[in-house]
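Examining the three-dimensional arrangement
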Amino acid sequence: MSALLQATKLGVSVAGRDLVLDLDWQIQAGQCWCVIGRNGAGKTSLLRTLAGMRELERGQLQVQGRDLANWPLSELARQRAFLSQGRVDAFAYRAIETVLSARHPYHDAHYWESAEDRAIAIAALRELDVAELAQRDVRSLSGGERQRVAIAALLAQDAQLMLLDEPANALDLAHQVSVMQLFARLCRDANKAVVMVSHDLNLAHRSATHALLLMGDGSWLAGPKEQVMSAGQLSLCLGHPIERFEHGSQTLFLPKD
Ligand SMILES: Nc1ncnc2c1ncn2[C@@H]1O[C@H](COP(=O)(O)OP(=O)(O)OP(=O)(O)O)[C@@H](O)[C@H]1O
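Residues numbered from 1 in each chain as written. Predicted model: local features only at pLDDT ≥ 70, side-chain atom pairs only at ≥ 80, totals over all residues. Heavy atoms only, no water.

Looking up the protein chain in an unreviewed UniProt entry gives the name ABC transporter ATP-binding protein, with the organism given as Undibacterium piscinae. Under the UniProt heading Function (unreviewed entry), the note attached to the protein chain is "Part of the ABC transporter complex HmuTUV involved in hemin import. Responsible for energy coupling to the transport system." (UniProt positions renumbered as here; feature names shortened; annotations may be inferred.)

**Things to note about the layout of surface pockets**
One number sums up the size of the largest pocket: a volume of about 810 Å³. Lining the largest pocket we find 36 residues, and of these Met53, Phe82, Ser101, Ala102 and Gln157 sit closest to its centre. Mapped by element, the contributors of at least two residues to the lining of the largest pocket are α1 (43–50), α2 (73–79), β6 (80–83), α3 (95–101) and α5 (143–157). Looking at the lining of the largest pocket element by element, the count peaks at six residues for α5. Counted by class, the lining of the largest pocket contains 20 nonpolar, seven polar and nine charged residues. Computed from the structure, the second largest pocket encloses a volume of approximately 160 Å³. As for the second largest pocket, its lining consists of His199, Asp200, Leu201, Asn202, Leu238, His240, Ile242, Phe253, Leu254 and Pro255. Residue assignment for the lining of the second largest pocket shows that the elements contributing at least two residues are α7 (201–207) and β12 (250–255). Along the lines of polarity and charge, the residues of the lining of the second largest pocket split into six nonpolar, three polar and one charged. (1 Å grid on protein atoms, 1.4 Å probe; cavity = no way out; pocket = protein on both sides within 12 Å on 5 of 7 lines; lining within 4 Å. Points joined across faces, edges and corners; volume = space filled by probe spheres on them. Helix = DSSP H or I, 4+ residues; strand = E, 2+ residues; numbered from the N terminus. Nonpolar A, V, L, I, M, F, W, Y, C, P; charged D, E, K, R; others polar.)

**Describing the site of the ligand**
The local shell around the ligand holds 15 residues, among which Gly40, Gly42, Lys43, Thr44 and Ser45 are the closest. Between the ligand and Arg17 there is a distance of 3.2 Å, counted from an oxygen atom to a side-chain nitrogen or oxygen. Notes on the ligand: free accessible area 650 Å², of which the protein chains cover 55%. Listing elements by their share of the shell around the ligand, those giving two or more residues are β2 (17–27) and α1. Looking at the shell around the ligand residue by residue, the classes come out as four nonpolar, seven polar and four charged. (Near = heavy atom within 4 Å. Polar contact = N/O pair within 3.5 Å; in protein donor to acceptor, adjacent residues only side chain to side chain. Areas by Shrake-Rupley, 256 points an atom, 1.4 Å probe, with all protein chains shown as cover.)

Right, dumping it as structure tokens:
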């Protein structure tokens, strides 16, 4: 079976600087990838390229064996969803409306949302613990509440591949843990795949099965997390010495003084 996403000799550069060089990478159903790198290493640029929101400069990118450029947009939107970092709401939409808008890729045959769309949207808001905010103007929500509504919309889109730029951003501790557990569960039990950018090594290690380290000079390292998330590799990647500890069933990473 084809990989959900396959990059071959993929290159990403910005303003003449190579951020990612010759990336050969496959994402399979059931895998949860975290993307790690220091500020400016190219994580967002890579994610936007994978989502088709940034022009493919070098190499090949295939979704389920078909070149990304050859996917009709609404069909692609049923296969992959993208959660961007930060959002600006200019208009007075209710939270439920922003989640329902994620159902548009399923509306080829009808304009208005169906009862099923509504049920899916409400279930997604409940999953993210924001059902009671359904009728609120999104502009009145706190940063963390708005982020959870955005994740609810992503769930309602029901794509197999989810590309997430810092999904735990702005969330309190309890919701950081529950959201990361949710993505891990969707990969493990619902055959989804996740690629998420994270600056929190401990949370990332708990939920991910695999890791992609971007070294900032174009080089990269990809593989199962136990191979890739070593203290040495992470120290190199993040430009600061890091220690790795095993604590019961948990792995912890701490920066050295
Ligand atoms: N339009 C642009 N012109 C010049 N440089 C840009 C442009 N867009 C992005 N960059 C630069 O490209 C680099 C990669 O940016 P990117 O947002 O992908 O980094 P990142 O790894 O996601 O960083 P962070 O951890 O800070 O979110 C940064 O140095 C950024 O300043």
